[in-house]
Every structure is written in structure tokens, then in C-alpha cells.
Amino acid sequence: MAQTAVKRVEIEATSRLKELMRAYFLDLDAASKDHNRRVAWCTSVGPCEILSAFGFAVYFPENHGALLGAKKISHEIIPRAAGLGYCAEACSYMNSDIGCDLTDRSPLKQLYGIDGPPRPDLLVYSTNQCRDVQEWFQYFGQRHDAMVTGIRPPRHLGDVTREQVADVRAQLEQLIERIEIRYEQKLDRRLLREAVERSSRVSQLWGRVLETARHRPSPMTFWDMLIHMAPVILMRGSLEAIEYYETLRAEMEQRIADGVAAVPDERWRIYWEGMPVWPRLRELSEKFFDLRAAVVASTYCNSWAFEPYTGGDPLDWMARTSLEIFINRDEVRKERFLASVFDRFGVDGAIFHNARTCPNNTNSRYGMPERLRRRLDLPVLVLDGDLSDIRFFSTAQSMTNIEAFVEQLEGRK
Amino acid sequence: MSGHVYVGIDAGSSATKCIVLRTERDSTDDAVGHAVVPSGFDYTRAARQVLKEALAAAGATEPEITACVATGYGRSSVQLPESVQLRRLTEITCHARGAREWYPNVRHVIDIGGQDTKVIRLCDRGRMADYRMNAKCAAGTGTFLESIAVRLGLPLSEIDALAMESVVPLTLNSYCTVFTSTEVLERIKAGDAKEDIAMGMFRAIASRVVEMLSTGGRDGPVAATGGVVTYCSAMRRALEEALEMPIHRPPLPQHAGAYGAALLAREAFGERAAIHEPEPVALNHIADSACCSGTPTSGICGHRDLRQGEERPC
């Protein structure tokens, strides 16, 4: 394929995003050094609203795992975790974060001039995504002599039942009680409701930003979304995140009005299923750009677009949200969801990333791509790789695979 | 000279192959020059060398080249003068095109190369419908065989010859090159015949291929291309056993990608080639170049012969 001289149009909101991220990490660093403040670590779709209502500064180590991958450090430090007995095929976010702890190589130092990840006072997990997070938090809990607790929602659900919601709600109440006892502080339920309302608002706005990619040509791609999703994960209960996504959505809508395409002369629209390959984001985004292929939607970025909170008990919403996320559903629900998104975004093909160390967020292992290919007559490609450990990814083979996939699409025209 | 010269260069991980199609005006047939050289450390140099040899074999010169398609892992390293229209396509598209030219009814192409193995499914119009590529591990590729050959201290040709003597259906079961090497040693210790162990290696590759072929469903004739099929008769035997059907092995299996590339160059930048129905044609005037026991060199033959070819006896 001929290389293009066309340049991509930068998203203007990016400068505001950088300011937000800087302020967020500086505040975390300050909180970890302030004896009057407390830091809680939380999993990315964990009960962070409870933690912020208690007054914790909330840190999400999965973001740090992604950062270690994106900065191409993971593969160098994962062997240190392996040296402690952590299998190299266990979650590479976890392994690289442990490796980072052992080598003191956090990119946060260079990016924000801080000491690295904030020291936790409390670590709270939800195993609604995987159990690795529990082991990950146990390591750091022991390392920092901090309390580790969490919830274990039922997994791989079809329809989410009232009983399952009640189960998780009860676990959330127990979690609150444990924190109240540990810190001798009663949870302010009004603050919890406000945090949930803001989380829901941020999540809704993020969903609307993602929806702009339905337009042809798409104003943004998966590669942009991966950068701009940071606030919905790290700051989802904040007013700043609401303001940010209103700005970003306005910019995307303006792009649509002005006919600005993320991929000029967009020829192909692709769906990305599974985790990103953080260490190869640039190479992959350039490859798709050169092929005039816009990756317009993804399971990953959509994972933080929750159903809205419409009043009532905020714990019910938190429980339901933690159960309903894509990663926690059975094959039938996942397949139904994917078929519907493929249709809504008008994709020409779907790429399934088979992430070696993330079986929980990989959906190519039980025949789903083949079933969807046959049912929808939609080209699918399974790409072997990993979210963070580049040793599981062959750049040359993957690029050939992607090019051949687009040639396959050309052949269907 | 009147007419056109179309070039296909397949810069593979182990070998760089070239096909030159020389189309004479007012002629219904084309001349084909072909060559293969080791890729070595320098894809650009290998491409230059193989082009030179194939052009010489076809009786053509570089300034006469109308268009070229470069393919293979080193495709981005293929450099030609600016006057030549150059396009880069993956070897998957090119192998599919080459195999289809030889066998118009073929529906599946198995390309076992040095670095990876691809199984390509063609639609009834001859275009690529979809494909599967082996996972990152070398098991199931030419590298797998080379690695074990080195371990045993035997050239691949000798392993192939041994395998063809096998009478016991032994299959090596490991899923990884390193583990398979260990399994070979275990089989030697257990007293299994070396012929059967050798054949077991080819069956291990064939079983990986069947996995890939079965994923998309099998619905028609199968052709095998690539270097391993070129040099190893046992590979074809193992594939036929595993698939329980005869497979087509084209006249120049290793050149299938380059051949497809040259045809695609002609279609993209020159005349559009129609796919012809096969006719029985003698192929005795294809120059010795790349059969299972031969040393890769260069040669010339009629394009029609290649296009309508049946396999050469090995």
C-alpha cells in the first residue's frame, strides 16, 4: 500500500486533557504525602464512588499498567515479577506494575515530576473483570502494610437478575462497613449519591463522544479514544471530567459539521475487539491511517459507557453497573452486543485481539469471531498479541495480517 | 522490444523469489523468467540480485519493466527505479492469485513459508475470501523444520528423504518448536525408527495446517505453495494424509507469491488477465529451478505452461 502524505488533524481538547491529567497526578502525589489525606487504590470498574465519598484520593493502577506498556517499559520489568514467582502469562498489567515497584521505574516521575504511584492507605478491588486484580492488590497491600478489601460479583452473566444485584449491593454495604470500622468514619450517603450522579453524567457524556464515530467519515478513531478515555476512568466522579467531555463532544460534533475526518478519505471502518496493544499504539494507528481504515468502535472504550443513574439507591446502580459491563457477560450476550455495534457503526470488518495475558478481556477463544463471521458475513481477523508485554506481539506478522485483512476487504468491493 | 515486462518479487524471510512476465505484442503467450536467492541480511540486495537473474532468464532488461508488485516480509525493502510503477501487497493476496492462476478451481491455498504458515480461502470468483495465519510461534513453519534439522545434524533434504521411507504412522504432538525438539530426542531414546520420527515432524506441521483450514470450513480443492512444499515431498504426503484428499502442488510452489505478484502487476498497471480454464499441457520445457531435490537457480518457461500447470514429478 502506498504511504500517504496526508496529515492527521490533532484534537484541540488534547491540551486540556494534559492539564487535567497533570492536576490529577499532582493531587494524588500531594495526598500521599499529606497526613491528613488518604489514598485508595481502586480497580478501573470498581466502587470508586464509595471511596471518593469517603474522601479518599482515588488511584487506578490499571492505568499505570497501561502507561508502562505505552512507554515500552513493561517487557523489561516483567521478568522481575517473574522472579518472585508471578507467571509471565498472568496479567501483564499486574506483572509490570510489580516489576515497576521492584525497579522504581515509573513513567509518572518523568511525566509529572512526582515520586511515582501514590502509596496506598487502602486497596479496593472488584473481580468483575478478573481475579488477577485481587492478587495484584494483595501484593501492594503487603508491600505497604495497607488494608486490602473488595467485592466479588457473580461472573459471566446472561440476564442480570434482581438477586444478583442484591448480592453485589450487600457486598458493597459490607465494604462500606469495613471501611467505616477501619477509619472510624461514617459514610455520608449524600456525598455518595452526588458522586454516583457525576459518574453517571461523565459516563453518559463519554458514550456520546463515542457515538460521534458513527458518522461517515468518523471524526475520531479508537486510537484517539484510547487517549481521551483517561478522565472517564480516573476522574469519573468529578466535575472536571463532565466539563472535559462536554468540550470534547462539542469538538467532535463541530468536526462532523465541518466534514473533518480522523482518517481523510476514509475507505474502511473497523471494529477493535479486546484490549489495545499499548506498546504499539503509534505503529498500529499509523498503519490503519495509511490503509485509510478508521477503527471507529471498540469494546474496550465502550466499557466505561454505563447505563445512566436515574435516581433511587445509588448502591443499586453501582451493583447493576458492575454486573452489566461487557466483560462480565456470557458469550451469547457478548455476541449479541457485538453484532448490534457492528451494525450501528457500519463496520466493514472486525479485529479481535487475542491478548496472551488477558483471557478475560479476549473474546476470540470460544469461537465467537468465526460465529460472527458466518452469521453476519463480516470479515474478521484474530490478531495475536498482548496489552502490555511486547514479547507476545510480532510487529511484522501483525502488520502483514492487518494489510492482508484490508486487501481482503478490497476484494469484497 | 515491443510489449511489456511485469515483475513480481517475493522477499520472504528465508528466500527472495522473482517472476518476470514478458508479454510480446501480437503474441498469445508470455515468457516467464524466474529466480530465487537467499534473503540473507539484506532484503534490498537480495531483491536486486533475484531481479537481475530473473530478467536475464526472461531475456529482458530493467528499463523495460512496466510495473512490479513487491510482496513478502521484506516487501518494503524492494527498491526499483522511479520510472517503474511499484505496488506492495501482502504475500497472502499474491499466493492466492498465483495459485488460482495455476488451478482455477482451487478454493484453499496452503502456503508454508519460512516464518509462517497461511491458509487462504478463495471465493468462487477467485478472490481471497479470508485467511488464517499461524500464531507467533514457529511451530508449523519452515523454521520449525530447519531448527530440528540443525538439532539432528542433518540437512533438510535428508530428513525429507528419510520421511518418505516411513511406514509407521507416528505424529509428534508438541505445540512448540522447542518442545518438539525435545520430543524428537525422546522418540530416539524410545527406539522409534528415524524414518518415522522424520515423518512425524511433517505430520506435526500438517496437523497445525488442518486446524487452520478447518476453522473457516473446507469446501473445495486445495493447493500447497511455499518453500517447504517445494523442497520436501514429505510435506505434501503429510498434508494429503491429514486432509484425506489429494492436493495440488504447482510447478514452482516456492514462486507462487512472486507469480501472483507479477500477475497482479499486470492487472493493476497493464492488461487484465482472464482466468483460463485448465488444459492438459506438457511442462517438460520448464527449466530446472526449484523442485524438491533441486538447488534453487533461475530458469525460463512459457507463461501459459505455468498458468495451466500441473505439478512436476518429484
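Calculation criteria
Residues numbered from 1 in each chain as written. Chains lettered and ligands numbered in written order. Predicted model: local features only at pLDDT ≥ 70, side-chain atom pairs only at ≥ 80, totals over all residues. Helix = DSSP H or I, 4+ residues; strand = E, 2+ residues; numbered from the N terminus. Buried ≥ 20, exposed ≤ 12 C-beta atoms within 10 Å, placed from the backbone. Contact = placed C-beta atoms within 7 Å. Rg over C-alpha atoms; globule rule 2.2 N^0.38 Å. Pairing = 2+ DSSP bridges. Axes fitted to C-alpha atoms, helices over the stretch in contact; angles between N-to-C directions. Core = buried A, V, L, I, M, F, W, Y, C linked by C-beta atoms within 7 Å. Domains from an automatic or database assignment.

Chemist: So what's going on with the overall build of chain B? Residues and values would help.
Modeler: A tally of helices and strands in chain B yields 10 helices and 10 strands. The burial tally for chain B puts 55% of its 314 residues in the buried class. Counted over contacts in chain B with a minimum sequence separation of 6, partners at least 24 positions apart contribute 70%.

Chemist: Report on the overall build of chain A, specifying residues and quantitative values.
Modeler: The helix and strand inventory of chain A stands at 18 helices and eight strands. For a compact globule of 413 residues, the expected C-alpha radius of gyration is about 22 Å, and chain A comes in at 21 Å, within 12% of that figure. Its C-alpha atoms give chain A principal-axis dimensions of roughly 65 × 45 × 40 Å. Taken over 413 residues, chain A has a buried fraction of 51%. Contacts spanning at least 24 positions in sequence make up 78% of the contacts within chain A whose residues lie at least 6 apart.

Chemist: Which residues make up the sheet that holds strand 1 (residues 39-42) of chain A, and what are the values?
Modeler: Paired through backbone hydrogen bonds, the strands of a sheet run either parallel or antiparallel to each other. All names here are of chain A. Judged by pairing direction, the sheet is parallel, and its four strands sit side by side in the order 2-1-3-4 without closing on themselves. With one partner strand each, in any of the chains shown, strand 2 (57-59) and strand 4 (147-151) form the two edges of the open sheet. Neighbour to neighbour, the strand axes of the sheet diverge by 25° on average, direction disregarded. Judged from the three bridges that link them, strand 1 and strand 2 form a sheet pairing that is parallel. Counterpart to alanine 40 in the pairing with strand 2 is valine 58. Packing of helix 7 (residues 132-144) onto the sheet brings it into contact with strand 1, strand 3 (122-126) and strand 4, and relative to strand 3 it is tilted by some 175°.

Chemist: Any chance you could break down the nonpolar core for me, citing the residues and the numbers?
Modeler: When a protein is soluble and globular, its nonpolar side chains tend to lie buried together. All names here are of chain B. Membership of the largest hydrophobic core comes to 218 residues, with the highest contact counts inside it found for Val7, Ile9, Val20 and Ala262. Considering each element in turn, this core owes the most residues, 11 residues, to helix 6 (residues 194-216). When residues of this core are sorted by domain, at least three fall in each of domain 1 (4-96 + 252-307) and domain 2 (106-249). Once you skip the residues sitting within four places of it in the chain, valine 20 turns out to touch Val5, Val7, Val32, Gly33, Ala54, Leu55, Ala58, Ala60 and Ala262.

Coordinates in, geometry out; function isn't part of it.
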